[in-house]
Amino acid sequence: MAPGARDPWRRTRVGELQDQLLPRWFVVTAVVSVPLAIAALAAAFVVFGPDEVPVAARRPRPAGELTNAVGRFDIGASQPERYAEACPMLAGVQVAGTAADRAALRTGLAGLCNTTLPDEVAARLSRFAAAGGVVRFAQFEATGVDSTARLGADPPVVLVNARLQRTDPLWIAPLVAHDTTYLDTDPTTAAGALEARQVEDLVCDRLLQGRRESRGCDDAEALLALPDPLTALREAGYR
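In this text, all values refer to a predicted model and were calculated from it rather than measured experimentally.

Asks: Sorry if this is basic, but what is going on with the overall build of the chain here?
Replies: Per the secondary structure count, the chain includes 7 helices and 6 strands. Ordered by position from N to C terminus, the α and β elements of the chain give α-β-β-β-α-α-β-β-β-α-α-α-α. Classification of the 239 residues of the chain by burial places 42% in the buried group. Considering only residue pairs separated by 6 or more positions, the chain has 61% of its internal contacts joining residues 24 or more positions apart. In the structure as shown, the chain presents an accessible area of about 13,000 Å², 56% of it carried by carbon and sulfur atoms.

Here it is, written out as structure tokens:
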């Protein structure tokens, strides 16, 4: 930028994950372009058909420290804060993000507190919380993956897809239960992935009964309904 020139983004507000508010001319152009984009997308589906991902592959196998591969991800820069009003099972758990993010995450965690859980599921959640475990939103390169975890980190972290910032906060609860299953199971194995999905499905059924369920809940139920979910998971790359 030339000396003395004004930075057009200098006064632009950004969120936790650095999403900038766009100038009016850009918004107007985008609005005009939306119908054209929708038409092009519809034409593509007519010509090529939907590229359906098998239900067993919708949570990719682990990569690096992550229990499910999500590609590049961004968690923002805010520091975690302890959820002071958490139930005894989740004493010590932390949340991070904007005030709205933290409120949504607390609601999701409270959903776990208000659900009758098997002893082993509750024990894993307690271990995660006692270690100062952090739950926060993140932007994933693989936008279709609901969540992933870095359970070997200090403290351990569960990352929830940022697209869930604007959905029912209770949808977060099954994801945390799913990811903390890997404190006791191997995320690289079909057996471990299946157990995590079973826990997710259980929380979906018990917590969200009578409410609209998430795509993740639908996927967990569909996987468990397969004639041989273990084989399906192995074909998706789990061992």
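Asks: Would you explain the confidence of the model for the chain in this entry?
Replies: When pLDDT is averaged across the chain, the result is 85; 79% of the residues are at 70 or more. Here residues 20-51 is a poorly scored stretch, pLDDT under 50, and it has 12 contacts once near neighbours within four places are set aside; other chains count.

Asks: Teacher, can you tell me more about the nonpolar core here?
Replies: It is characteristic of soluble globular proteins that their nonpolar side chains tend to be buried jointly. Ranked by internal contacts, the top residues of the largest apolar core, which has 48 residues, are Leu-90, Val-93, Leu-109, Leu-112 and Val-135. Per element, the largest residue contribution to this core is 8 residues, and it comes from helix H5 (residues 190-207). With near-sequence residues (within four places) excluded, Val-93 lies in contact with Glu-81, Arg-82, Tyr-83, Ala-86, Leu-109, Phe-128, Ala-129, Gly-133 and Val-135. Grouped together as the second largest cluster of nonpolar side chains are 9 residues, Leu-66, Val-70, Ala-138 and Val-145 included.

Asks: Sorry, what's going on with the environment of Thr-231 here?
Replies: Take Thr-231: it is sitting in helix H7 (residues 229-235). Take Thr-231: its relative accessible area is 31%, and that puts it in the partly exposed class. Through-space distance from the C-alpha of Thr-231 to that of Ala-190 is 7.8 Å; in sequence the pair is 41 residues apart.

Asks: Honestly, the pairing of strand S5 (residues 147-150) in this entry has me stumped. Any pointers?
Replies: The two faces of a sheet get side chains in turn, since along a regular strand they alternate between them. Pairing geometry for S5 and strand S6 (residues 157-161), over 4 bridges, is antiparallel. Considered in S6, the bridge of Arg-150 is made with Val-157. As consecutive antiparallel partners, S5 and S6 are separated by 6 residues.

Asks: Even after reading the chapter, I still don't get the pattern of salt bridges, so can you show me in this structure?
Replies: Oppositely charged side chains are able to pair whenever their charged atoms sit close together. Across all of its chains, the model carries 14 salt bridges by this definition. The partner of Asp-146 in a salt bridge is Arg-163, with the nearest N and O atoms 2.5 Å apart. On the criterion of sequence distance, the pair formed by Asp-146 in the loop between strand S4 (134-140) and S5 and Arg-163 in the loop between S6 and helix H4 (172-180) is long-range, its members being 17 residues apart. When its relative accessible area of 9% is taken as the criterion, Asp-146 is described as buried. Two residues, Glu-200 and Arg-197, come together in a salt bridge whose shortest N-O distance is 2.7 Å.

The rules behind each value
Residues numbered from 1 in each chain as written. Predicted model: local features only at pLDDT ≥ 70, side-chain atom pairs only at ≥ 80, totals over all residues. Heavy atoms only, no water. Helix = DSSP H or I, 4+ residues; strand = E, 2+ residues; numbered from the N terminus. Buried < 20%, exposed > 50% of the residue type's maximum accessible area, 1.4 Å probe, protein only. Contact = heavy atoms within 4.5 Å. Areas by Shrake-Rupley, 256 points an atom, 1.4 Å probe, with all protein chains shown as cover. pLDDT = per-residue confidence, 0-100. Core = buried A, V, L, I, M, F, W, Y, C linked by side-chain atoms within 4.5 Å. Pairing = 2+ DSSP bridges. Salt bridge = Lys/Arg side-chain N within 4 Å of Asp/Glu carboxyl O.

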